[in-house]
Amino acid sequence: MATDQVIPEAPVLDAVGDGTRRAILELLARSPRSVGELAAELPVGRPAVSLHLKVLREAGLVTSSPAGTRNVYRLDSTGLAVLRAYLDRFGWEVGRFVE
């Protein structure tokens, strides 16, 4: 059975499982940015940033809008709500398993 069938949030969880993608989310939490602006603050080039943004967009974690000749990326509250809801399911159980 595929993980996506067991955990519907799997695409979002897979997307945030990569350190570069988490760094992109952190940067976008501060302000919307273009691929070039993101690449300037990360240890990877524009092509890699674009691939990471594609994964984040497909997971519903970021969205983009055209601004002249470039796209500006920002966080998408839809995917973040999915992530938050998933993590919130564990909140009440933490006390039971952690001492």
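The structure presented is a predicted model; accordingly, all values stated were derived computationally and were not measured.

### Considering the nonpolar core
Alright, step 1. Ranked by size, the top nonpolar core spans 19 residues in total, and within it Ile24, Leu38, Val49, Leu53, Leu56 and Leu61 carry the most contacts.
Alright, step 2. Those elements that provide at least two residues to this core are α2 (10–15), α3 (19–30), α4 (35–40) and α5 (46–58).
Alright, step 3. In terms of residues, this core owes the most to one element, α3, which gives 4 residues.
Alright, step 4. When sequence neighbours within four positions are dropped, the list of residues in contact with Leu38 reads Ile24, Leu27, Leu28, Arg33, Val49 and Leu53.

### With respect to the environment of Pro8
Alright, step 1. When you line up the elements, Pro8 lands in the loop between α1 (3–6) and α2.
Alright, step 2. Spatially, the C-alpha atoms of Pro8 and Tyr86 are 9.6 Å apart, while their sequence positions differ by 78 residues.

### Things to note about the pattern of salt bridges
Alright, step 1. On inspection of all chains with the given rule, the structure shows 5 salt bridges.
Alright, step 2. Among the salt bridges present, the one from Arg33 reaches Glu41, with a minimum N-O distance of 2.3 Å.
Alright, step 3. In this structure Arg33 comes out as buried when scored by relative accessible area, which is 11%.
Alright, step 4. Residues Glu37 and Arg70 are paired through a salt bridge, measuring 3.5 Å at the closest nitrogen-oxygen approach. Residue Glu37 is found in helix α4, and its partner Arg70 is found in strand β3 (residues 70–75); the two are separated by 33 residues along the sequence.

### Observations regarding the sheet that holds β3
Alright, step 1. Strand order across the open sheet formed by 3 strands is β1-β3-β2, with antiparallel pairing between neighbours. Taken across any chain shown, the strands that pair with only one partner, and hence form the sheet edges, are β1 (33–34) and β2 (62–67).
Alright, step 2. The strands touched by α3 are β1, β2 and β3; relative to β3, the strand with the most contacts, the crossing angle is about 90 degrees.

### Some remarks on the confidence of the model for the chain
Alright, step 1. Per-residue confidence for the chain gives a mean pLDDT of 89; residues scoring 70 or more make up 87%.
Alright, step 2. At the low end of the mean pLDDT range in the chain sits helix α7 (residues 94–97), at 54; at the high end sits β1, at 98.

### Quick word on the pairing of β2
Alright, step 1. Examined bridge by bridge, β2 and β3 share 6 bridges and lie antiparallel to one another. Within β3, the position partnered with Ser64 by the bridge is Tyr73.
Alright, step 2. Hairpin connection between β2 and β3: a loop of 2 residues separates the two successive antiparallel strands, and Gly68 in this loop has a positive phi of roughly 70 degrees.

### Some thoughts on helix α6 (residues 77–91)
Alright, step 1. The terminal C-alpha atoms of α6 lie 20 Å apart, and with 15 residues this matches the ideal 21 Å at 1.5 Å per residue to within 8%.
Alright, step 2. When α6 is considered as a whole, its buried residues turn out to be Gly79, Leu83 and Tyr86. The buried residues of α6 occupy an angular sector of 60 degrees when the element is viewed end-on, so they sit on one face. Those residues of α6 that are exposed and aimed more than 90 degrees away from the buried face are Ser77, Thr78, Arg84 and Gly91.
Alright, step 3. One side-chain oxygen of the residue at the start of α6 lies 2.9 Å from the amide nitrogen of Thr78, identifying that residue as Asp76.

Rules behind the numbers
Residues numbered from 1 in each chain as written. Predicted model: local features only at pLDDT ≥ 70, side-chain atom pairs only at ≥ 80, totals over all residues. Heavy atoms only, no water. Core = buried A, V, L, I, M, F, W, Y, C linked by side-chain atoms within 4.5 Å. Buried < 20%, exposed > 50% of the residue type's maximum accessible area, 1.4 Å probe, protein only. Helix = DSSP H or I, 4+ residues; strand = E, 2+ residues; numbered from the N terminus. Contact = heavy atoms within 4.5 Å. Salt bridge = Lys/Arg side-chain N within 4 Å of Asp/Glu carboxyl O. Pairing = 2+ DSSP bridges. Axes fitted to C-alpha atoms, helices over the stretch in contact; angles between N-to-C directions. pLDDT = per-residue confidence, 0-100. Expected span 1.5 Å × (residues − 1). Arc of directions from axis to C-beta. Polar contact = N/O pair within 3.5 Å; in protein donor to acceptor, adjacent residues only side chain to side chain.

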